[in-house]
Amino acid sequence: LAIQGARAYAAARAGIEVAAYDALVNGNCGAASITLTEGGLNAFVVDTSCTSSSHSEGTATTIVYVIDAFARAGVYGSPDYASRRVRSKVTDAS
């Protein structure tokens, strides 16, 4: 169970990375669902959500993205079910 929990945490962190890239590079901050298919994270589903807010100080503007990721694998209630939720904040100063 500890290994499955660690895999769930790694899957949630991967979801954070994908959502952060999408927000910072593509300008897309919203909800997404990702099914992981590679290596030890195969069969994990990660649901992400992203909200943004803009903050100005003088001539500088900073956009703060709050990203939530919920990773899960297996069927809830079954012995092999695992899930983890992670929240992260990233900023884009312009």
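Everything that follows concerns the structure shown earlier in this document.
Residues numbered from 1 in each chain as written. Predicted model: local features only at pLDDT ≥ 70, side-chain atom pairs only at ≥ 80, totals over all residues. Heavy atoms only, no water.

Trainee: I would appreciate a short explanation of the side chain of T48 in the present structure.
Mentor: The residue T48 is located in strand β2 (residues 45-57) in this model. In this view, T48 contacts G15, A19, G30, A31, A32, D68 and A69; residues no more than four positions away in its chain are not counted. (Helix = DSSP H or I, 4+ residues; strand = E, 2+ residues; numbered from the N terminus. Contact = heavy atoms within 4.5 Å.)

Trainee: Before we go on, may I ask you to explain the packing of aromatic side chains in this structure?
Mentor: The relation between two aromatic rings is expressed through the spacing of the ring centres and the mutual angle of the planes. Considering all chains together, one arrives at one aromatic pair under this definition. A ring pair is formed by Y76 and Y81, whose centres lie 5.4 Å apart and whose planes are at 85 degrees; its orientation type is edge-to-face. For Y76, a relative accessible area of 71% corresponds to the exposed category. (Phe/Tyr/Trp six-rings, centres within 6.5 Å; stacked < 30°, edge-to-face > 60°. Buried < 20%, exposed > 50% of the residue type's maximum accessible area, 1.4 Å probe, protein only.)

Trainee: Looking at this model, I keep getting lost on the pattern of salt bridges. Mind explaining?
Mentor: Opposite charge on two side chains permits pairing when their charged atoms draw close. On inspection of all chains with the given rule, the structure shows two salt bridges. D47 is paired through a salt bridge with R72; the nearest N and O atoms lie 2.8 Å apart. Here R72 lies in strand β3 (residues 60-73) and D47 lies in strand β2, a separation of 25 residues in the sequence. Given a relative accessible area of 29%, D47 falls into the partly exposed group. Exposure remark for R72: the relative accessible area of 27% places this residue in the partly exposed category. (Salt bridge = Lys/Arg side-chain N within 4 Å of Asp/Glu carboxyl O.)

Trainee: Would you explain helix α1 (residues 2-26) in this entry?
Mentor: Because each turn of an α-helix spans 3.6 residues, side chains separated by three or four positions in sequence point in the same direction. For α1, spanning 25 residues, the distance from its first C-alpha to its last is 35 Å, which sits close to the expected 36 Å at 1.5 Å a residue. Turning to α1, its buried residues number three or more, namely Q4, G5, A8, A11, A12, G15, I16, A19, A20 and A23. Directly beyond the C-terminal end of α1, a positive phi value near 70 degrees is found at G27. (Expected span 1.5 Å × (residues − 1).)

Functional significance is not addressed by these values, which are geometric in nature.
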